[in-house]
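Here is how the chains run, residue by residue.
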Amino acid sequence: MKYEIEVSQTIRNMFSENHSKRYQEMIRYKVNEYLTHDFYRIKPVNLSIKQAIYEMKIHLGKEYFRIAFRIDDKRVHVFYISQTLRKKLFDKEVNQFVIRRSKDYWSIKSIKVW
């Protein structure tokens, strides 16, 4: 089963141009492999709001990262990356990021309505 993996612009801009393309490909490959084979290392992120967000540890270059992503049918959006490897701390980071993004989204949405 093949998934369509999208890596956010924020993640793409995080690495040098040389590393960015290679790391994007590695992220796409690993996420697709893990999802296709029900890999046990994909875990839900503990959030204070009700959203289905998952995370996994990934090795890029010489370093380890955790990435967070959403799954919508066969589309996967990787939107967060961090070198925080402890799951509880990573979940807290993602939670803060998601809450901040949702507040920004709703404030922009309310401006458009008026």
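Residues numbered from 1 in each chain as written. Predicted model: local features only at pLDDT ≥ 70, side-chain atom pairs only at ≥ 80, totals over all residues. Heavy atoms only, no water.

**Some details on the pattern of salt bridges**
Then, number 1: This model, assessed by the stated rule, comprises 6 salt bridges.
Then, number 2: Among the salt bridges present, the one from E4 reaches R75, with a minimum N-O distance of 3.6 Å. On the criterion of sequence distance, the pair formed by E4 in strand β1 (residues 4–7) and R75 in strand β5 (residues 75–82) is long-range, its members being 71 residues apart.
Then, number 3: A relative accessible area of 48% places E4 in the partly exposed class. (Salt bridge = Lys/Arg side-chain N within 4 Å of Asp/Glu carboxyl O. Helix = DSSP H or I, 4+ residues; strand = E, 2+ residues; numbered from the N terminus. Buried < 20%, exposed > 50% of the residue type's maximum accessible area, 1.4 Å probe, protein only.)

**Brief notes about the layout of surface pockets**
Then, number 1: Its volume calculated, the largest pocket comes out at about 270 Å³.
Then, number 2: Lining the largest pocket are 12 residues; nearest its centre among them are R70, F97, V98, R101 and S102.
Then, number 3: The biggest single contributor to the lining of the largest pocket is helix α3 (residues 87–113), with 5 residues.
Then, number 4: When grouped by side-chain class, the residues that make up the lining of the largest pocket number 5 nonpolar, 5 polar and 2 charged.
Then, number 5: Of the volumes computed, that of the second largest pocket is approximately 170 Å³.
Then, number 6: Lining the second largest pocket are K30, Y34, R41, M56, K57, I58, H59 and Y64.
Then, number 7: For the lining of the second largest pocket, the secondary-structure elements that each account for two or more residues are α2 (17–36) and β3 (53–60). (1 Å grid on protein atoms, 1.4 Å probe; cavity = no way out; pocket = protein on both sides within 12 Å on 5 of 7 lines; lining within 4 Å. Points joined across faces, edges and corners; volume = space filled by probe spheres on them. Nonpolar A, V, L, I, M, F, W, Y, C, P; charged D, E, K, R; others polar.)

**A short note on the nonpolar core**
Then, number 1: Ranked by internal contacts, the top residues of the largest apolar core, which has 20 residues, are I27, V31, I67 and V78.
Then, number 2: At the level of secondary structure, the elements contributing two or more residues to this core comprise β1, α2, β3, β4 (63–72) and β5.
Then, number 3: It is α2 that provides the largest number of residues to this core, a total of 5 residues.
Then, number 4: When residues no more than four places from it in sequence are discounted, the contact partners of I67 are I27, V31, Y54, E55, M56, I58, V78, Y80, I81 and F90.
Then, number 5: The next biggest cluster of nonpolar side chains, apart from the first, holds 10 residues, and it includes I53, A68, Y80 and V94. (Core = buried A, V, L, I, M, F, W, Y, C linked by side-chain atoms within 4.5 Å. Contact = heavy atoms within 4.5 Å.)

**Overview of the pairing of β3**
Then, number 1: Where strand β2 (residues 43–44) and β3 come together, 2 bridges link them in antiparallel fashion. Bridging across to β3, K43 finds its partner in E55.
Then, number 2: Where β3 and β4 come together, 8 bridges link them in antiparallel fashion. Within the sheet, the bridge partner assigned to M56 lies in β4 and is I67. (Pairing = 2+ DSSP bridges.)

**Observations concerning α2**
Then, number 1: Between the first and last C-alpha of α2 there are 29 Å, a value that for 20 residues agrees with the 28 Å anticipated at 1.5 Å per step.
Then, number 2: Residues of α2 that are buried include every one of S20, Y23, Q24, I27, V31, N32, Y34 and L35, and no others. Angularly, the buried residues of α2 cover 165° about the axis, an arc narrow enough to put them on a single face. Seen from the buried face of α2, the exposed residues on the opposite side, beyond 90 degrees, are N18, K21 and Y29.
Then, number 3: Residues of α2 that are buried sit in contact with β1, α1 (9–14), β3, β4 and β5.
Then, number 4: Looking at the residues trailing α2, positive phi occurs at D38, about 45°. (Expected span 1.5 Å × (residues − 1). Arc of directions from axis to C-beta.)

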